[in-house]
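An overview of the molecular structure
Read off the chains here:
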Amino acid sequence: MKQETIDRIRKFTEDRDWDQFHSPGNLAKSISIEANELLECFQWSETEYDLGHVEEELADVIVYCQNMLDKLGLDVDDIVNRKMAINEAKYPVEKAKGSAAKYDQL
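Figured I'd write up the structure that's included with this text. These figures come from a predicted structure and were not determined experimentally. (Residues numbered from 1 in each chain as written. Predicted model: local features only at pLDDT ≥ 70, side-chain atom pairs only at ≥ 80, totals over all residues. Heavy atoms only, no water.)

1. Describing the overall build of the protein chain
How we decide: Numbering goes from the N terminus for both helices and strands, where a helix is a DSSP run of H or I of at least four residues and a strand is a run of E of at least two. Radius of gyration means the value over C-alpha atoms here, while the globule rule gives 2.2 Å times the residue count to the 0.38 power. Only protein chains enter the accessibility calculation, which uses a 1.4 Å probe. A residue is then buried if its area is under 20% of the maximum for its type, exposed if over 50%, and partly exposed in between. The contact criterion used is simple: two residues touch if any of their non-hydrogen atoms lie within 4.5 Å.
What the protein chain contains, in helices and strands, is five helices and zero strands. Reading the secondary structure of the protein chain in the N-to-C direction produces α-α-α-α-α. For 106 residues, the compact-globule estimate of 2.2 N^0.38 gives 13 Å, and the C-alpha radius of gyration of the protein chain, at 17 Å, exceeds that figure by more than 25%. Across its three principal directions, the C-alpha atoms of the protein chain cover 50 × 35 × 25 Å. Classification of the 106 residues of the protein chain by burial places 19% in the buried group. Within the protein chain, contacts between residues separated by at least 24 positions form 51% of all contacts whose residues are at least 6 apart in sequence.

2. Thoughts on the side chain of threonine 13
Note on placement: threonine 13 falls in helix α1 (residues 3-15). A residue is classified by how much of its surface remains accessible, and threonine 13, at 9% relative accessible area, is buried. Not counting residues up to four positions away in its chain, the partners in contact with threonine 13 are Trp18, Asp19, His22 and Asn67.

3. Comments concerning the packing of aromatic side chains
The following threshold applies: Each pair of aromatic rings taken from Phe, Tyr and Trp, with Trp reduced to its six-membered ring, is defined by centres within 6.5 Å and is described as stacked if the planes are under 30 degrees apart, edge-to-face if over 60, and tilted in the remaining cases. The rule is short: NZ of Lys or CZ of Arg within 6 Å of the ring centre and within 35 degrees of the ring normal puts a charge over the ring.
Taken as a whole, this structure holds three aromatic pairs when the rule is applied. When the ring of phenylalanine 12 is compared with that of tryptophan 18, the centres are 5.4 Å apart and the planes differ by 75°; the resulting orientation is edge-to-face. Phenylalanine 12 gets classed as partly exposed once you look at its relative accessible area, which sits at 40%. For the cation-ring pair, arginine 16 lies above phenylalanine 12, with the distance from its terminal atom to the ring centre recorded as 3.7 Å.

4. Topic: unusual backbone geometry
One non-glycine residue, aspartate 17, adopts positive backbone phi at about 55°. Its place among the elements puts aspartate 17 in the loop between α1 and α2 (24-40). According to the relative accessible area criterion, aspartate 17 is partly exposed, its value standing at 49%.

5. Regarding the environment of alanine 101
Looking at the element boundaries, alanine 101 is found in the segment after α5 (93-96). Residue alanine 101 is classed as partly exposed on the basis of its relative accessible area of 26%. Along the sequence, alanine 101 and valine 80 sit 21 residues apart, while their C-alpha atoms lie 22 Å from each other. Excluding its chain neighbours within four sequence positions, the residues that come into contact with alanine 101 are Tyr91 and Leu106.

6. Comments concerning the state of the cysteines
Here is the rule we go by: Pairs of cysteine sulfur atoms within 2.5 Å are what we label disulfides.
Inspection of every chain in the model, using the stated rule, returns zero disulfides. Of all cysteine sulfurs in the structure, the one in cysteine 65 sits closest to cysteine 41, which takes part in no disulfide; the separation is 16 Å. Residue class for cysteine 41 comes out buried when judged on its relative accessible area of 12%.

7. What about helix α4 (residues 76-90)?
Using the following cut-off: By this rule the span expected of a helix is its residue count minus one, scaled by 1.5 Å. Polar contact is the term for a pair of N or O atoms within 3.5 Å; when the atoms are in protein, one must be able to donate a hydrogen and the other to accept it, and sequence-neighboring residues count only if both atoms are side-chain atoms.
Under the 1.5 Å per step criterion, the end-to-end length of α4 is 21 Å for 15 residues, consistent within 8% with the ideal 21 Å. Its side-chain oxygen placed 3.0 Å from the backbone nitrogen of aspartate 77, aspartate 75 serves as the N-cap of α4.

Written out as C-alpha cells, the structure is:
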C-alpha cells in the first residue's frame, strides 16, 4: 500500500479520536465482520456479484488490517514475508503445483 494511503487511514482515525476504540481484540472483530460482509457479496452466486460492493467491503477489511498493524507496531512487509517463507516450505512447488490439498496431505 502506498504511504499516502496509509497516512490517509491514520489521519481518518486520528481526526475522529477513534484510536481509543482500536484494541487488538476490537480490530480483530472488525476485520472478521468486514470479511464476512465481503463473503456476503458472493452468498448466492460465484459469478454474479456487484464489483463495486466487493471493492467497498475489501477496502474495509484492508483499512482495519492497517489499523491493527499500527496498533501492534507491525510492518506489513515483514509479517507477510515471514509467513510466505513458512508457506513456501509447507507447500513446495514440486508437490503443491496445481493441487488444492492441505500441506499435510501433499
